[in-house]
Amino acid sequence: MKIEIFLLFSNLNLIKTQHFMANVLWLQGGACSGNTMSFLNAEEPTVVELITDFGLNILWHPTTGLQIGDQVQDLLKDILAGKVQMDILVYEGSLIKGPNNTGTMNYFADRPMMDWIKELSKVAGYVVAIGDCATWGGIPAVAPNPSESTGLQFHKKNKGGFLGHDYVSKGGLPVINIPGCPAHPDWITQILVAISVGRIGDVLIDEFHRPKTFFTDFVQDGCTNVTNFAQKVDGNFGKRGGCLFYEVGCRGPMTRASCNNILWNRQSSKTRSNHPCLGCTEPGFPHNDLMKGSVFKTMKHLGVFPKEVPTGRTKLAYYMEAGFQKVMPTNKRVTETSK
Ligand code: SF4
Ligand code: SF4
């Protein structure tokens, strides 16, 4: 029977008392280290608890690893030779293939990173891509894409990426994608725990290989502006009492992520602090390829109708409803009471 991974944490103490072990290798390609920063900020569990209580043995990590130079190279060779078992390969950052498909733009441990990834992915128990760059190319893959960046198993919305459409790891799963710019720390740690305790087979993934536990709800679910969305009351950056969909490009109704249910730093989210959701967990990110004038701006037909409407709605139905709500007197009431 399939379960939701959060059930694991209703038995947190039970899991902690059992003995599990998983060797993790974390590598970075075309990355800003944002996902590493997010990971190091994890709270439930913390990174230290992952190691002491949940049996994660981090073989090497570019920020925290003690080994340097030849030592890292020797470790990678030992993994490939089968002397060291690698249960989880975590990859952060885009897979750089440039120039001309040589990968030499991203050298690591004396050879192109893409050559290491090609070989390591064949011996990995599971492969986890963390952040938009690793999942589908992210910002580095925006045209003209001079580094020839792509994601591990997707290039934007298209399945394939670097490892190919049919890749599965030794554990029998394709690349598990945890997107975000960066990914929420809980999304990362809970998937790593699920693997380390042998429960990853219970985690459902969607068409983009995202764990459904975190990427089924929309960002809008739990947003404190939903009444304003329903009543078509416009908001703006930092201004309470309005929805950010109509003018400043909030993608909350089109973006699957748990940002308003599993809050960031246990405190808040972008939209709760009146900042538009950029849709960073969707494979189209960065949307409109960062075209001038498209960021923090709602793209419209004829300057009036939003080009993209909430997922699951037809444009005609949405436009009719929006027009009706715009002239309803409740708009004034909501605006006034939320100042
Ligand atoms: S601010 Fe964004 S997420 Fe919140 S209700 Fe408006 S469109 Fe939805
Ligand atoms: S609110 Fe939107 S842009 Fe912000 S982290 Fe969540 S999905 Fe990404």
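Colleague: Would you mind showing me how to read the nonpolar core here?
Modeller: With 36 residues, the main nonpolar core has Ile 88, Val 90, Trp 187, Ile 191, Ile 195 and Ile 200 as its most contacted residues. Contributions of two or more residues to this core are made by β1 (22-28), α4 (47-52), β3 (88-92), β7 (126-130), β11 (176-178), α8 (185-196) and α9 (212-215). If one sorts the elements of this core by residue count, α8 sits on top with seven residues. Here Trp 187 is in contact with Ile 178, Pro 179, Phe 214, Phe 215, Ala 257, Ser 258, Cys 259, Ile 262 and Thr 281, once residues within four sequence places are set aside. Core analysis: the next-biggest nonpolar cluster, separate from the first, contains 27 residues, Val 72, Leu 75, Leu 76 and Ile 79 among them.

Colleague: Help me out: how do you make sense of the pattern of salt bridges in this one?
Modeller: Should the charged atoms of two oppositely charged side chains come close, the side chains can pair. Inspection of the entire model under this criterion finds twelve salt bridges. Close ionic contact of Glu 119 with Arg 111 constitutes a salt bridge, the shortest N to O distance being 3.0 Å. Taking the relative accessible area as the measure of exposure, Glu 119 reaches 32% and is therefore partly exposed. Residues Arg 251 and Glu 308 are paired through a salt bridge, measuring 2.7 Å at the closest nitrogen-oxygen approach. Here the residue Arg 251 occupies a position in the loop between α10 (226-230) and β12 (300-301), and Glu 308 occupies one in the loop between β13 (305-306) and α11 (315-326), the gap between them amounting to 57 residues. Looking at Arg 251, the relative accessible area reads 12%, which means it is buried.

Colleague: Can you walk me through unusual backbone geometry in this structure?
Modeller: Glycine aside, negative phi is the norm for most residues, and most peptide bonds take the trans geometry. For the bond from Ala 143 to Pro 144, the omega torsion is 10 degrees, close enough to zero to count as cis. One can find Pro 144 in the loop between α7 (132-136) and β8 (149-150). Following Phe 285, the chain continues into Pro 286 via a peptide bond in cis, with omega recorded as -5 degrees. Look at Asn 100: it is not a glycine, yet its phi comes out positive at around 55 degrees. Within the secondary structure layout, Asn 100 lies in the loop between β4 (95-96) and β5 (107-108). On the basis of relative accessible area, Asn 100 is assigned to the exposed category, the value being 67%.

Criteria and thresholds
Counting restarts for each chain: residues are numbered from 1 in the order of the written sequence. Think of it this way: whatever chain is written first is A, whatever ligand is written first is 1, and the rest follow in order. Local features in this predicted model are restricted to residues whose pLDDT is 70 or higher, and side-chain atom pairs enter the listing and the counts only when it is 80 or higher, whereas totals over whole chains, interfaces and linings include all residues. Hydrogens are left out, water is left out, and the side-chain values use all remaining heavy atoms of the structure. Take the buried residues of types Ala, Val, Leu, Ile, Met, Phe, Trp, Tyr and Cys, join any two whose side-chain atoms come within 4.5 Å, and each joined set is a nonpolar core. Burial classes: relative accessible area under 20% of the type maximum marks a residue as buried, over 50% as exposed, and values in between as partly exposed (1.4 Å probe, protein chains only). Strands here are runs of E lasting at least two residues and helices are runs of H or I lasting at least four, both read from the DSSP assignment and numbered beginning at the N terminus. Any pair of residues with heavy atoms lying within 4.5 Å of one another is described as a contacting pair. The salt bridge criterion pairs a side-chain nitrogen of Lys or Arg with a carboxyl oxygen of Asp or Glu, the two atoms within 4 Å.

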